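One letter stands for each residue in the lines below.
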Amino acid sequence: MLDFLKPPVLTIQEFFQLTGRVILNLPRRPHYFKDIVLQMDIIGVGSLPIVLLTGFFSGVVMALQMSRALQTYGAVSQTGPIVAITLVREMGPVLTAIAAAGRNAAGIASELGSMKVTEQIDAMRALGTDPIQKLVKPRLIATCVMLPCLTAIADFVGMLGGFMIATLLLHLTSAEYWNGAYRALAYDDVVQGLLKPFVYAIVISLVGCFYGLRTRGGTQGVGLATTQAVVVSIVWIFVLNAFITKIFVSI
Amino acid sequence: MGESVLRFEHVTVAFDGDPAIEDVSFSIDAGESRVILGAAASGKTVILKTALGLLRPDEGRVLLFGKDITVLAEQDLYDLRARAGMLFQESALFDSLTIEENVAYPLENQKLVDVPNEQVRPRVAEALRFVELEHTLDKLPSELSGGMRRRVGIARANVTAPQLVLYDSPTAGLDPITANNIMALIVKERDLRHATTIIVTQRFQDGQIMAKYRYNASGKTLERAGSNGSGAVQGLKFLVMKEGRLVFEGSEEELQQSRDAYISKFVLRH
Ligand SMILES: Nc1ncnc2c1ncn2[C@@H]1O[C@H](COP(=O)(O)OP(=O)(O)OP(=O)(O)O)[C@@H](O)[C@H]1O
Ligand SMILES: [Mg+2]
């Protein structure tokens with residue numbers, strides 16, 4: 001009767017099996033440091049352009065939108081705090097994570113998927129390397145380190161974008177903007193702003209690896225795995241974002 | 001018992017409830033060879049992958065070097081896999097690594113294989129010289145022909161000098177000359193290192209080469225077994241797979257005398 005529930009439940013079960021195996025393997029040697037560094041380069045440095053662009057322009061847009069609303073209350077000087085808070089709490093983490101999902105979850109899933117369908121994953125196991133250790137762990141660690149950094153960078157360039165609008169169009173002084181922004185940020189905003197990308201990094205890398213490693217069938221299977229990885233990780237980012245925000249709003 | 005390098009006991013492997021191999025039993029002792037014949041999709045590849053624990057049996061036991069691998073966790077299998085080499089059907093070279101890195105991979109990663117760093121390059125060069133590809137060190141797999149990739153795969157499977165070597169369809173899709181060269185390499189590996197060898201193939205000739213020829217180390221050529229004082233090939237058996245079941249196990253003569261319509265299709269009659 002509930003047969004239609006079977007596939008999604010099985011998928012979730014398999015996903016948590018993979019997660020469990022990764023957690024068990026985290027402290028276990030060997031740690032492929034070279035692969036971790038390589039992935040940090042691909043995931044972190046490689047994502048910089050897109051993160052800089054999305055961060056900057058969301059800061060610009062936010063300052064523009066907010067200034068209109070604030071004008072009606074004669075509170076244009078509050079642009080700095082508002083841009084800072086929305087960026088650090090919500091926009092920075094979520095936008096960076098979505099950019100990373102589009103880029104890295106897709107990249108991971110297609111790379112591992114191609115390896116799967118050409119038997120390279122099997123060959124790896126036959127030749128003495130556990131794909132969990134050699135492929136999944138470096139991607140997880142690299143994403144967990146890089147995504148919070150990327151988010152911090154996005155927050156900063158976003159504030160720069162807001163600053164440009166504030167000084168050029170709204171005629172605020174530089175001190176007004178930056179002091180306001182700096183004072184608005186509380187300790188738990190920063191914690192929230194860095195915890196979120198850390199959680200999304202786990203989602204992006206594990207979902208990418210999961211769909212990559214279970215790829216079936218040829219090139220089409222790789223395409224499907226890639227699409228699924230992006231869609232599923234983005235959905236989970238939004239769902240988890242709501243949860244984490246709720247927790248921080250409550251405390 | 002205990003002698004067997006590899007033993008299958010009533011092994012069934014199924015995908016989504018659909019058995020790919022069913023109730024397969026055989027065993028192979030050290031230094032012996034097996035030639036597995038069978039139509040497409042008869043389960044030959046599944047047998048080789050199950051032998052190394054890459055696939056898990058749904059029923060039955062697989063003993064690799066005397067250890068029941070069906071009860072071992074993945075991370076405990078690596079000790080055993082280090083003692084075996086495998087050529088995959090489509091070679092399965094790592095396409096983002098160079099030929100040199102591909103062949104060095106098992107030397108650097110196999111557990112128990114302890115090769116000092118400065119010896120990796122010479123060992124790789126030697127393995128590639130063995131398959132006559134020493135000039136391709138810095139190339140990527142995509143820059144090689146199918147037959148060359150197969151030979152790199154053979155070098156990679158043998159570079160650690162494993163006791164057991166599995167070859168999945170080493171000659172499939174190759175011209176007769178290249179195919180015979182590859183079979184000569186396999187015989188050479190077998191006879192120089194006394195490696196236990198299992199080969200999956202659709203060509204009966206490959207089995208005949210395995211059964212009738214030996215590598216002569218002094219002359220550096222293959223010669224018919226039994227001539228020139230070289231011993232006949234011992235412990236070689238043919239296995240025939242049909243739709244997931246093992247339908248024949250025996251010597252070349254027994255294979256040729258078989259009256260079974262399916263089995264005799266694999267035999268060349270002169
Ligand atoms: N990963 C897999 N998932 C699902 N089914 C599989 C998988 N691997 C093999 N099978 C099925 O198992 C059966 C045996 O496949 P196998 O690859 O062993 O055939 P084979 O004898 O090696 O054929 P060929 O000579 O064409 O290589 C086939 O029906 C195949 O569809
Ligand atoms: Mg096959």
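In this report, the structure presented in the accompanying data block is examined.

Parameters at a glance
Residues numbered from 1 in each chain as written. Chains lettered and ligands numbered in written order. Predicted model: local features only at pLDDT ≥ 70, side-chain atom pairs only at ≥ 80, totals over all residues. Heavy atoms only, no water. Helix = DSSP H or I, 4+ residues; strand = E, 2+ residues; numbered from the N terminus. Rg over C-alpha atoms; globule rule 2.2 N^0.38 Å. Buried < 20%, exposed > 50% of the residue type's maximum accessible area, 1.4 Å probe, protein only. Lys, Arg positive; Asp, Glu negative; His and termini not counted. Charge placed at Lys NZ, Arg CZ, Asp CG, Glu CD. Salt bridge = Lys/Arg side-chain N within 4 Å of Asp/Glu carboxyl O. Near = heavy atom within 4 Å. Polar contact = N/O pair within 3.5 Å; in protein donor to acceptor, adjacent residues only side chain to side chain. Nonpolar A, V, L, I, M, F, W, Y, C, P; charged D, E, K, R; others polar. Contact = heavy atoms within 4.5 Å. Buried area = accessible area lost by both parts, 1.4 Å probe.

## Some thoughts on the overall build of chain B
For step 1, the next point in the chain: In terms of helices and strands, chain B carries 9 helices and 12 strands.
For step 2, the next point in the chain: Computed over its C-alpha atoms, the radius of gyration of chain B comes to 18 Å, within 12% of the 18 Å expected for a compact globule of 270 residues.
For step 3, the next point in the chain: The principal-axis extents of the C-alpha atoms in chain B amount to approximately 50 × 45 × 35 Å.
For step 4, the next point in the chain: When burial is assessed residue by residue, chain B has 54% of its 270 residues classed as buried.
For step 5, the next point in the chain: If the 32 positive side-chain charges of chain B are averaged to one point and the 38 negative ones to another, these points end up 4 Å apart.

## Some remarks on the pattern of salt bridges
Residues and elements named next belong to chain A.
For step 1, the next point in the chain: Inspection of the entire model under this criterion finds 23 salt bridges over all chains.
For step 2, the next point in the chain: Linking Arg21 and Asp130 is a salt bridge whose minimum nitrogen-to-oxygen distance equals 3.9 Å. In this pair, Arg21 sits in helix α1 (residues 6-25) while Asp130 sits in the loop between α4 (120-126) and α5 (131-168), placing the two residues 109 residues apart along the sequence.
For step 3, the next point in the chain: Arg89 serves as the salt-bridge partner of Asp189, at 2.4 Å between the closest nitrogen and oxygen.

## Things to note about the site of ligand 1
Residue and element names in this part refer to chain B.
For step 1, the next point in the chain: For ligand 1, the full set of nearby residues is Phe15, Ala20, Ala39, Ala40, Ala41, Ser42, Gly43, Lys44, Thr45, Val46, Gln89 and Gln202.
For step 2, the next point in the chain: One of the backbone nitrogen or oxygen atoms of Ala41 is found 2.8 Å away from an oxygen atom of ligand 1.
For step 3, the next point in the chain: Contact between ligand 1 and Gln202: an oxygen atom at 2.9 Å from a side-chain N or O atom of the residue.
For step 4, the next point in the chain: Per-element accounting of the shell around ligand 1 gives the leading share, 3 residues, to helix α1 (residues 44-51).
For step 5, the next point in the chain: Grouping the constituent residues of the shell around ligand 1 by class yields 6 nonpolar, 5 polar and 1 charged.

## Examining the side chain of B:Arg151
For step 1, the next point in the chain: Its location among the elements puts B:Arg151 in helix α5 (residues 146-158).
For step 2, the next point in the chain: B:Glu132 provides the closest opposite charge to the buried, unpaired B:Arg151, separated from it by 4.4 Å.

## Considering the interface of chain A and chain B
For step 1, the next point in the chain: At the junction of the two partners, chain A supplies 18 residues and chain B supplies 22 residues.
For step 2, the next point in the chain: Across the interface of chain A and chain B, roughly 1,800 Å² is buried in total on both sides, 50% from carbon and sulfur atoms.
For step 3, the next point in the chain: The largest share of the area that chain A buries against chain B comes from A:Glu119, A:Arg125 and A:Leu127, three residues that together contribute 38% of it.
For step 4, the next point in the chain: Across the chain A-chain B interface, the total number found is 4 salt bridges.
For step 5, the next point in the chain: A salt bridge links A:Glu119 to B:Lys49; the shortest N-O distance between them is 2.8 Å.

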